[in-house]
Amino acid sequence: MTENGALLQVRDLRKEFPVKSGFVIERVSHTVKAVDGVSFEIPEGKTLGLVGESGSGKSTTGYCILQLLKPTAGSIVFQGKELTKLGRGEIRRMRREMQIVFQDPYSSLDPRMTVGDIVAEPLEVHGVGSKRTRRGRVRELLDVVGFNPDYTNRYPHEFSGGQRQRVGVARALALNPSLIVCDEPVSALDVSIQAQILNLLKDLQRDFGLTYLFISHDLAVVRSMSDHIAVMKDGQIVETGPADEVYERPKEEYTRALLTAVPVPDPRRMRDRRVERRKLRHVIAEA
Amino acid sequence: MALLKVENLRTHFFTREGVVRAVDGVSFSVEAGKTLGIVGESGCGKSVTALSLMGLIPKPPARIVEGSVTFQGRDLTTLSDRELEDVRGREMAMIFQDPMTSLNPTLRIRTQMTEVLDRHFGYSKDDARKRAVELLEEVRIPRAAERLDDYPHRFSGGMRQRVMIAIAIACNPKLLIADEPTTALDVTVQAEILDLLDDLRREHEMGMIIITHDMGVIAETADEVAVMYAGQIVEQAPTEELFDNPEHPYTEALLGALPQLEGENVRMGRLSSIPGRPPDLIAPPEGCRFAPRCPHANQSDGCVEHLPELREIRPGHRVRSRHPASEREAVPA
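What you are looking at is a predicted structure, and each value in this text was computed from that prediction instead of being measured. (Residues numbered from 1 in each chain as written. Chains lettered and ligands numbered in written order. Predicted model: local features only at pLDDT ≥ 70, side-chain atom pairs only at ≥ 80, totals over all residues.)

A. Spotlight on the overall build of chain A. The helix and strand tally for chain A stands at 10 helices and 10 strands. For a compact globule of 287 residues, the expected C-alpha radius of gyration is about 19 Å, and chain A comes in at 20 Å, within 12% of that figure. When each of the 287 residues of chain A is scored for burial, the buried share is 43%. (Helix = DSSP H or I, 4+ residues; strand = E, 2+ residues; numbered from the N terminus. Rg over C-alpha atoms; globule rule 2.2 N^0.38 Å. Buried ≥ 20, exposed ≤ 12 C-beta atoms within 10 Å, placed from the backbone.)

B. Layout of the packing of helix α3 (residues 109-121) of chain B against helix α4 (residues 125-138) of chain B. All names here are of chain B. Closest axis-to-axis distance for the α3/α4 pair is 9 Å, and the angle between their directions is 110 degrees. In this view, α3 runs roughly perpendicular relative to α4, as classed from their interaxial angle. Between α3 and α4 lies a crossing whose hand is right-handed. Where α3 abuts α4, its residues R110, M113, T114, L117 and D118 lie against A128, R129, R131, A132 and L135. (Axes fitted to C-alpha atoms, helices over the stretch in contact; angles between N-to-C directions. Parallel < 35°, antiparallel > 145°, perpendicular 65-115°, else oblique. Left-handed = near helix turned anticlockwise from the far one by under 90°. Contact = placed C-beta atoms within 7 Å.)

C. Highlighting the domain arrangement of chain A. Residue and element names in this part refer to chain A. For chain A, the domain assignment lists domain 1 (1-20 + 30-97 + 179-189 + 213-249) and domain 2 (252-287). Put simply, the middle of domain 1 and the middle of domain 2, counted by C-alpha atoms, are 26 Å apart. Each side of the interface is counted separately: domain 1 has 8 residues, and domain 2 has 6 residues. Taken together, the residues of the side of domain 1 that touches domain 2 sort by class into 6 nonpolar, no polar and 2 charged. (Domains from an automatic or database assignment. Nonpolar A, V, L, I, M, F, W, Y, C, P; charged D, E, K, R; others polar.)

D. Highlighting the nonpolar core. With 171 residues, the main nonpolar core has V119(A), A170(A), L213(A) and A166(B) as its most contacted residues. Looking at this core element by element, the count peaks at 7 residues for helix α6 (residues 157-168) of chain B. Non-local contacts of A166(B), meaning those with residues more than four positions away in its chain, are made with M113(B), L135(B), L136(B), E138(B) and V139(B). (Core = buried A, V, L, I, M, F, W, Y, C linked by C-beta atoms within 7 Å.)

E. Highlighting the interface of chain B and chain A. Of the residues lining the interface, 41 residues belong to chain B; the matching set on chain A comes to 35 residues. Contributions of two or more residues to the side of chain B that touches chain A are made by α6, α7 (187-204), α8 (215-221), α9 (239-244) and α10 (249-256) of chain B. Ranked by residues supplied to the side of chain B that touches chain A, first place goes to α7(B) with 6 residues. Its residues assigned to classes, the side of chain B that touches chain A shows 18 nonpolar, 12 polar and 11 charged.

F. Seen up close, the environment of R320(B). Residue and element names in this part refer to chain B. By secondary structure assignment, the location of R320 is in the segment after β12 (317-319). For R320, a count of 24 C-beta atoms within 10 Å gives the class buried. Counting along the chain gives 84 residues from R320 to Q236, while the straight-line C-alpha distance between them is 9.1 Å. For R320, the contacting residues outside a window of four places in its chain are Q232, I233, V234, E235, H248, P308, E309 and L310.

G. Focus on the pairing of strand β6 (residues 98-101) of chain A. Residue and element names in this part refer to chain A. Residues of β6 alternate between two faces, with M98 and I100 on one and Q99 and V101 on the opposite face, all of them buried. Sheet analysis places β6 next to strand β7 (residues 179-183), joined by 4 bridges and oriented parallel. Bridging across to β7, Q99 finds its partner in I180. (Pairing = 2+ DSSP bridges.)

H. The pairing of strand β10 (residues 236-242) of chain A, seen in detail. All names here are of chain A. Sheet analysis places strand β9 (residues 228-233) next to β10, joined by 6 bridges and oriented antiparallel. Its bridge partner being in β10, M232 is matched across the sheet by I237. Counted between consecutive antiparallel strands, the loop separating β9 from β10 contains 2 residues, among which D234 sits at a positive phi close to 50 degrees.

I. Structural view of the sheet that holds β10(A). All names here are of chain A. If you trace the 6 strands from one edge of the open sheet to the other, you get β6-β7-β8-β3-β9-β10, paired in mixed fashion. One side of each edge strand has no neighbouring strand; the edge strands of this open sheet are β6 and β10. For this sheet, the mean angle separating the axes of adjacent strands, direction not counted, is 15 degrees. Pairing analysis gives 4 bridges linking strand β3 (residues 47-51) to β9, with the strands arranged parallel. The residue bridging L48 from the neighbouring strand is H228, located in β9. The sheet contacts of helix α5 (residues 161-173) involve β6 and β7, and relative to β6 the element is tilted by about 175 degrees.

J. Up close: the packing of helix α9 (residues 253-261) of chain A against α7(B). At their nearest, the axes of α9(A) and α7(B) sit 8 Å apart, and the two run at 55 degrees to each other. Accordingly, the angle class assigned to the pair α9(A) and α7(B) is oblique. In the packing of α9(A) onto α7(B), the handedness of the crossing is left-handed. Across the interface between the two elements, A257(A), L258(A) and A261(A) of α9(A) pack against V187(B), T188(B), Q190(B) and A191(B) of α7(B).

K. Main features of α3(B). All names here are of chain B. Look at α3: 19 Å from first C-alpha to last across 13 residues, which is about the 18 Å you get at 1.5 Å a residue. Burial in α3 covers these residues: I109, M113, T114, V116 and L117. Mapping the buried residues of α3 onto a view down its axis gives an arc of 145 degrees, with all of them on the same face. Residues of α3 that are buried sit in contact with α4, α5 (144-147) and α6. (Expected span 1.5 Å × (residues − 1). Arc of directions from axis to C-beta.)

L. Structural view of the environment of R171(A). Residues and elements named next belong to chain A. Within the secondary structure, R171 is located in helix α5. Along the sequence, R171 and V119 sit 52 residues apart, while their C-alpha atoms lie 4.4 Å from each other. Those residues in contact with R171, other than ones at most four positions away along the chain, are I118, V119 and P122.

This is the structure in structure tokens:
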């Protein structure tokens, strides 16, 4: 825990990617600042929603926190430990505490593994329990996420997107993490299924006291999940605050432009929103 | 007379596993200058409906087994492929979801645009180029004359979709079909593209069909909405009427499942979700296709045995259900 009680504290996080040019002799011609000085914290048991358009750096931020990408600079303090200074073994141990749910349940589950093996894998990798106790734990996890535990010997392709995402969530839960990074977890799903998964994530948070970093381009989905919001653009956070504040009383023009661009399912509201949107057109430049 | 009138369209896929009834008795019409929105979740048949109108379904395995598509007085289902080619692109055009894959990456934008003009009008090279610049300007691509010689990878997703739209309107079509035109785009770009489509529809007095899974896009663009479920239209109404008074249990559930963008404390509470999943279209339920997931279906009134008709419940508002919202008795508390 940090001194102010946040489970995760990110300070001035930076991630640069080199851009190479040249055909035979490659040279780094310049760097792209995917994440450019991002700071935030998440109190235990809460959800921070990270929203932004594609290329804003929101997923890269998530990967840096999980140490799936090595940050160029900055500090990430998780459960009181500075992650950027840990050695490989220590990072491995910390990973038990922080997990990820990916966007696409079609490509993030190994098609050659059974559902049971997919959920058991993190337990095996971290040497948790015996083969027999692991089997019991897998059934328990699948049950928790609303997936029929009798189907552990089946393969991912036999299931719909929503069912597969439940498997992805069960796998993320396997090691009892305290933080889960949800990277666009419902973007590939139909609306009615999306609601099932969002409800599941909410239930799990309530039951297990989970902390979420919830990354999505969908502003309505982020709002339905988050206590706090950070709006990202070009690698930086342009606005942050309690969800209701940011959505109802946005301070930044960019946030307003983003919010008014969303088509809401209300034809009458849409007419006013279109007028607002056209006033803010200058904020958004398209390449 | 309607610009397009679709009657009892059935498009089935003849596969090894059986006959997939992807589109199973769909009827609607589109007036000139108006937008019909077709909304539904994946697999409901909305895209196959659009492809059937354009004669673009993969044959085999797909075949239009029944129904007619009357466009400007001609039944398109009776035309030869050759005759259909003259209609397609010229009087009726289509844009697709993914502007990344619908342009040929190895050809300059100019070549891809002039191809259409040449095919339908036999434009000379100079005229075609001039017209292509006009079209790119019309879809608001800056520095149109320069961009014409670029390859598609030089364009962003939104700009590529603009190019696709320019190609689609090249021949002044009477009807534009847009299949998830903004699904692959960022929300701010989506807003720009929807605005552009709306302006073009007005200026060219085109009829338009927008196919989407997004109720927000429907609210923004459509004059009339058809909600599809399992290959059939389950509800159809003018847009405001549909959002104000949804009748079909599926439409109600779909609207209830949407997270809200506006309003204080919208985070509280759970989203309503629909239990189960849509039926297998090889062997759909005999009765109402939504019955297995419907909270109002029951044994005694034939929901499971008989498919309900799409009936007019109010002027212009049709619903395919025995238990539309306005006919339900209040449940005693």
